[in-house]
Amino acid sequence: MKLFDLRGGVHPEGKKSLSVERHIRPLPLPKKLYVPLQQHIGAPATPVVNVGDKVLKGQLIANAQGAVSSSIHAPTSGTIIALGDHVAPHPSGLPVPTVTLESDGEDKWVALNAVEEPFTLAPEDIAARVAAAGIVGLGGATFPAALKLNLSRNSGVQTLIMNGGECEPYLTCDDRIMRERAAEIVEGIRLIAQAVAAKEILVGIEDNKPEAIAAMRTAAGDGEVKIVVMPSMYPMGSEKQIIQVLTGKEIPAGGRPADIGVLVHNVATAFAVHQAIRFGKPLISRIVTVSGGAIKTPCNVEALVGTPVQELIAFADGYAQPAARLVLGGPMMGQQFTNTDVPMVKGTSGVLALMSAEIGQAEASPCIRCSTCVRACPVGLLPLEMAAHIRVADLTGAVDLGLKDCIACGSCSYVCPAHIPLVHYFNYAKGDLAAQERSKLKQEATKKLADNRTERIARIERERAEAMARRKAAREAKERAAKEAAAKAEAAA
Amino acid sequence: MLLSAIISLTMLGTVFGLLLGVAARYLKVEGNPLVAELEQMLPGSQCGQCGFPGCTGAAQALADGSAPVTLCPPGGRALVQALAAKLGVEADLSGVADKLPMIAEVKEEICIGCTRCFKVCPTDAIMGAAQQIHVVFREACTACGKCEEVCPTESVKLQPIPVTLQSWHWNKPQTGSAA
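Residues numbered from 1 in each chain as written. Chains lettered and ligands numbered in written order. Predicted model: local features only at pLDDT ≥ 70, side-chain atom pairs only at ≥ 80, totals over all residues.

Okay, the overall build of chain B next. When you go through chain B residue by residue, the secondary structure sums to seven helices and four strands. Along chain B, helices (α) and strands (β) appear in the sequence α-α-α-α-α-β-α-β-β-α-β when read from the amino end. The C-alpha radius of gyration computed for chain B amounts to 26 Å, which surpasses the reference 16 Å derived for 179 residues by more than 25%, pointing to a less compact arrangement than a globule. Counting only C-alpha atoms and orienting by the principal axes, one finds that chain B spans roughly 95 × 55 × 25 Å. (Helix = DSSP H or I, 4+ residues; strand = E, 2+ residues; numbered from the N terminus. Rg over C-alpha atoms; globule rule 2.2 N^0.38 Å.)

Given below as structure tokens:
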């Protein structure tokens, strides 16, 4: 199949050999699980359990809330011991509402609603089951999967692209799941295709995963699922980039893949969909790569959602040497954290403990305008110009240069010879613009409230004055009538 | 020759003079239009935090240049930038950024339900009734502080808005001369 060229991109050292040969092993059942109510893009889920409740594995513990949200299920059987704040798997380290579950060690499943003949299901039914299973995009963006299915079906998507790129260094969880569970993934892919009535199904896998490609080819056979080998390059696994390489189409600025008739899902999401439809199992576990130079035995673990990260690190035999930085996800786009009490969540693809030699921590020096970042940018932006505008607080100038199209892949920061934290500037600017937008919305709303109040006070004043005038007129009329009556009586007498 | 020039110039002068006189009467501009436009941009809660009597006073001061564009605390940085763009001046954001966003909060254990605070609230952000605990609608509060002034028990206080995952974002990188 003909592939299309990709603009920019970088070639970071893969470091995948650390963990790629390690089979997926299940993590021993943790004592306590910290399940955050927000593990997805959108509104946090609302808990439907109380402290002291006994729950079974796979039982619903929090309901999706609003249009963009996702349900959350108990990862194991046990007792709910707390509903409160716990440190979030997020660079801010802020507390988030979390359900704390104490495991009873029995790991007993709730009654599951399995489907014998999944391919007889209607597309709406597949999406409804995916929603009920609380499945979100497992590539890292954690967008609720059912919503994407419904949006894509309604807009008539033609092409389904399955993302097996895994372009982030260190991570091997998608590679392992494709090698070990290819048949399930292919069935999941066919179910997703049925849910959106896709005509063409492409599975893009980078050429640095020959075993995964072979396994997926065997599983796919001569069916409608086509395995496509893509060159290894970062950020090949980004939604916009994989679409561009496989179809030659580019998503318009501010648009969604559905606008050009494409739906992209991660291969691990396809496995979760298979489990949800075939066995009725909700998304309560995922494969995580535990790796990095500071980890003694890098490995791939199947762990329950809510498992504290320190248990994953302990399972990999702990640290070989002090970790200079801890990262959730990949080293390019992952989020650093410091507290190992944070739980792993649905979107956690990796837990990395990096040595100081693995992280470039050089002091930033002035920009020499070499434009290496411009050549590296896969979106075709001018990172150096945007950063210069942001540095002098001209955020609108940066937006005019295309800040909103930045996918925050970090390629520019990676190649910058002056070590300027370019992507940090862009993340800051995007956050600040969002905050300004929120305060503007609030200001408009409060202005309306203030106007309403002024109007109401004026109306009350006016009504009071009118009522007084009416009473005065009535009194005068009465007095006049009394006077006239008196005069008439006098005249009569 | 001379006469015709004098006549024609006088005619022209008279006609234009009349035109101007008519225009001044019928196309008269009431007040400074800029003031009205600026007032539209301001929050309109008449909270008085700027030190002027309400948003109209503030808009007048802005229009004649006697007040800085950073005068309005509830407007925040977005308003400062909008005003600076409107008036064509440089905005000094340093002072604005330092002020933490605040919100009024009722300490329920000492609220006596006197109803004074919700009567002065310019945005109807407080709900309550006599002898009942009052509450603040977070979305409607502009942190003007009027309720804090009238509360007899110091139950209503302005508190910094806690940072949540939704409102948190990365700080600006501190890199000195880089970029």
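This part is about the pairing of strand β9 (residues 159–164) of chain A. Residue and element names in this part refer to chain A. Among the six residues in β9, six count as buried, and that is most of the element. By the alternation rule, side chains of β9 split into T159, I161 and N163 and L160, M162 and G164, which are all buried. Here β9 runs beside strand β10 (residues 200–206); their pairing, made up of six bridges, is parallel. Within β10, the residue paired with L160 across the bridge is I201. Both β9 and strand β12 (residues 262–266) contribute to a ladder of five bridges, which runs parallel. Note on β12: the bridge partner recorded for I161 is V264. (Buried ≥ 20, exposed ≤ 12 C-beta atoms within 10 Å, placed from the backbone. Pairing = 2+ DSSP bridges.)

The next point concerns the sheet that holds strand β3 (residues 46–47) of chain A. Within a sheet, neighbouring strands are paired by backbone hydrogen bonds and run either parallel or antiparallel to one another. All names here are of chain A. The strand order across the open sheet formed by three strands is β3-β5-β6, and the pairing between neighbours is antiparallel. Strands with a single pairing partner mark the edges of an open sheet, and in this sheet they are β3 and β6 (72–73). In terms of strand pairing, β3 meets strand β5 (residues 60–63) through two bridges, oriented antiparallel. Across the sheet, T46 pairs through a bridge with N63, a residue of β5.

Residues and elements named next belong to chain A. Along helix α10 (residues 383–391), eight of the nine residues are buried, which leaves the element largely enclosed by surrounding structure. All of the buried residues in α10 are P383, L384, E385, M386, A387, A388, H389 and I390. Contact partners of the buried residues in α10: α9 (372–376), α11 (395–400), α12 (411–415) and α13 (422–492). Where α10 ends, the next residue or the one after it, A393, has phi of about 65°, a positive value. (Contact = placed C-beta atoms within 7 Å.)

Glycine aside, negative phi is the norm for most residues, and most peptide bonds take the trans geometry. Residue and element names in this part refer to chain A. At the junction of Y234 and P235, the peptide bond is cis and its omega measures out at 0° in the coordinates. With respect to the helices, strands and loops of the structure, P235 is situated in the loop between β11 (225–230) and α6 (239–247). One non-glycine residue, Y170, adopts positive backbone phi at about 75°. Relative to the helices and strands, Y170 is located in the loop between β9 and α3 (173–180).

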